Amino acid sequence: MQNHKLITYSNITITFTLFIFFLQYMFPIITSYLGLNINFLSVGFWWQPLTVIFTHGGFDHILMNMFMLYIFGNLIESSKGKFTFFLVYFIGGVISSLLTFSFMYIFEINLFDGGGVVGASGAICGILGYIAFIDRYQRKGMVIWVLLISLAPLVLGLPIAWYGHLLGFVVGWIIGMIKK
């Protein structure tokens, strides 16, 4: 059941994310403060595991993520409630960000050369993992979709944090198991 209300937490989150993206576009330095990078440890930017879900790497990135959030965030919000949406998207997003950062740190991926990650993909995949756990009819499609958006760009050599997608999906699945 889709939520047809205009004012939902999902839609407010989308609006805020678009605002942050606009600021990133106008002032690119913002990404080094809000994206998830080595400053999280070296400078103490403790907010980055949360704020990274509001940053994005380009128009295609934000359009895809916000489309997915609109569809599936509103779905969870209307069927399971605002608290569940908050739990899965924001708490799941922070946990998947921390796991993504840990993965990057352990394997020395794109952290020590001034890089990092941006985007809500871990949080979005957390929503998909949650749905896959609670709705066995959607499970196969959700797993295939997350594998496709994670592994296809990897094979094509595109610079995406595929591990963030997979970790987010697992976090969402675990939230589903705990909330069961």
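The structure displayed is predicted, hence computed values, not measured ones.

J.: Give me the lowdown on the overall build of the protein chain, citing residues and values where you can.
T.: Scanning the protein chain for helices and strands turns up nine helices and two strands. The order of α-helices and β-strands along the protein chain, N terminus first, is α-α-β-α-α-α-α-β-α-α-α. Taking 180 residues into account, the globule formula puts the C-alpha radius of gyration at 16 Å, and the protein chain, at 15 Å, falls close to it. Taken over 180 residues, the protein chain has a buried fraction of 46%. Taking the contacts inside the protein chain whose residues are at least 6 apart along the sequence as the reference set, 72% of them involve residues at least 24 apart.

J.: Summarise the environment of W47; cite the residues concerned and give the values.
T.: Tracing the sequence through the fold places W47 in the loop between α3 (39-42) and α4 (48-51). Considered as a pair, W47 and S150 are 103 residues apart in the sequence and their alpha carbons are 25 Å apart. Ignoring anything within four residues of it in the chain, the contact list for W47 reads Y33 and L34.

J.: Please set out helix α6 (residues 82-106) residue by residue, giving values where relevant.
T.: With 25 residues, α6 ought to run about 36 Å at 1.5 Å a step, and its terminal C-alpha atoms sit 35 Å apart, in line with that. A bend of about 30° at G92 is the largest found in α6. After α6 finishes, the residue E108 shows a positive phi value of roughly 50°.

J.: Outline the packing of helix α5 (residues 59-80) against α6, listing residues and values.
T.: The contact between α5 and α6 brings their axes to 7 Å, and the two run at 135°. As judged from the angle between their axes, α5 and α6 are oblique. Between α5, through M66, L69, G73, I76, E77 and K80, and α6, the contact on the second element is made entirely by K82, T84, F85 and Y89. For the contact of α5 with α6, a count of residues per class yields five nonpolar, two polar and three charged.

J.: Quick one: what's the story with the layout of surface pockets, residue by residue and with numbers?
T.: Approximately 880 Å³ is the volume found for the largest pocket. Surrounding the largest pocket, 41 residues form its lining, H61, S121, I160, A161 and H165 being those nearest its centre. The dominant element in the lining of the largest pocket, judged by the number of residues it contributes, is helix α7 (residues 121-134), at six residues. Looking at side-chain class alone, the lining of the largest pocket contains 22 nonpolar, 18 polar and one charged residues.

J.: If you had to explain the nonpolar core to someone new, which residues and values would you point to?
T.: Looking at soluble globular proteins, one finds that nonpolar side chains tend to be buried together. Grouped together as the largest cluster of nonpolar side chains are 41 residues, with contacts concentrated most on I53, L69, Y89 and I127. Mapped onto this core, the elements with two or more residues apiece are α1 (9-26), α2 (30-34), α5, α6, α7, α8 (136-155) and α9 (162-179). Top element by residues in this core is α7. It accounts for eight residues. Apart from residues lying up to four places away in sequence, L69 is in contact with S10, T13, I14, N74, F85, Y89, I124 and I127.

J.: Outline a nonpolar patch on the surface, listing residues and values.
T.: Residues F22, Y25, M26, F27, I29, Y33, F59 and L63 make up a contiguous nonpolar surface patch of roughly 920 Å² in combined accessible area. Secondary structure elements with two or more residues in the nonpolar patch: α1 and α5. Counting residues per element, the nonpolar patch draws most heavily on α1, at three residues.

J.: Describe in detail the environment of G58, supporting the description with residues and values.
T.: As for its placement among the helices and strands, G58 is situated in the loop between α4 and α5. Taking relative accessible area as the criterion, G58 reaches 15% and is therefore assigned buried. Sequence spacing of G58 and I175 is 117 residues, and the spatial spacing of their C-alpha atoms is 29 Å.

Calculation rules
Residues numbered from 1 in each chain as written. Predicted model: local features only at pLDDT ≥ 70, side-chain atom pairs only at ≥ 80, totals over all residues. Heavy atoms only, no water. Helix = DSSP H or I, 4+ residues; strand = E, 2+ residues; numbered from the N terminus. Rg over C-alpha atoms; globule rule 2.2 N^0.38 Å. Buried < 20%, exposed > 50% of the residue type's maximum accessible area, 1.4 Å probe, protein only. Contact = heavy atoms within 4.5 Å. Expected span 1.5 Å × (residues − 1). Bend = angle between axes of the 7 residues up to and from the residue. Axes fitted to C-alpha atoms, helices over the stretch in contact; angles between N-to-C directions. Parallel < 35°, antiparallel > 145°, perpendicular 65-115°, else oblique. Nonpolar A, V, L, I, M, F, W, Y, C, P; charged D, E, K, R; others polar. 1 Å grid on protein atoms, 1.4 Å probe; cavity = no way out; pocket = protein on both sides within 12 Å on 5 of 7 lines; lining within 4 Å. Points joined across faces, edges and corners; volume = space filled by probe spheres on them. Core = buried A, V, L, I, M, F, W, Y, C linked by side-chain atoms within 4.5 Å. Patch = residues over 30% accessible without salt bridge, like charges linked within 9 Å, V, L, I, M, F, W, Y side chains within 5 Å. Areas by Shrake-Rupley, 256 points an atom, 1.4 Å probe, with all protein chains shown as cover. Salt bridge = Lys/Arg side-chain N within 4 Å of Asp/Glu carboxyl O.

The analysis is restricted to geometry; functional conclusions fall outside its scope.
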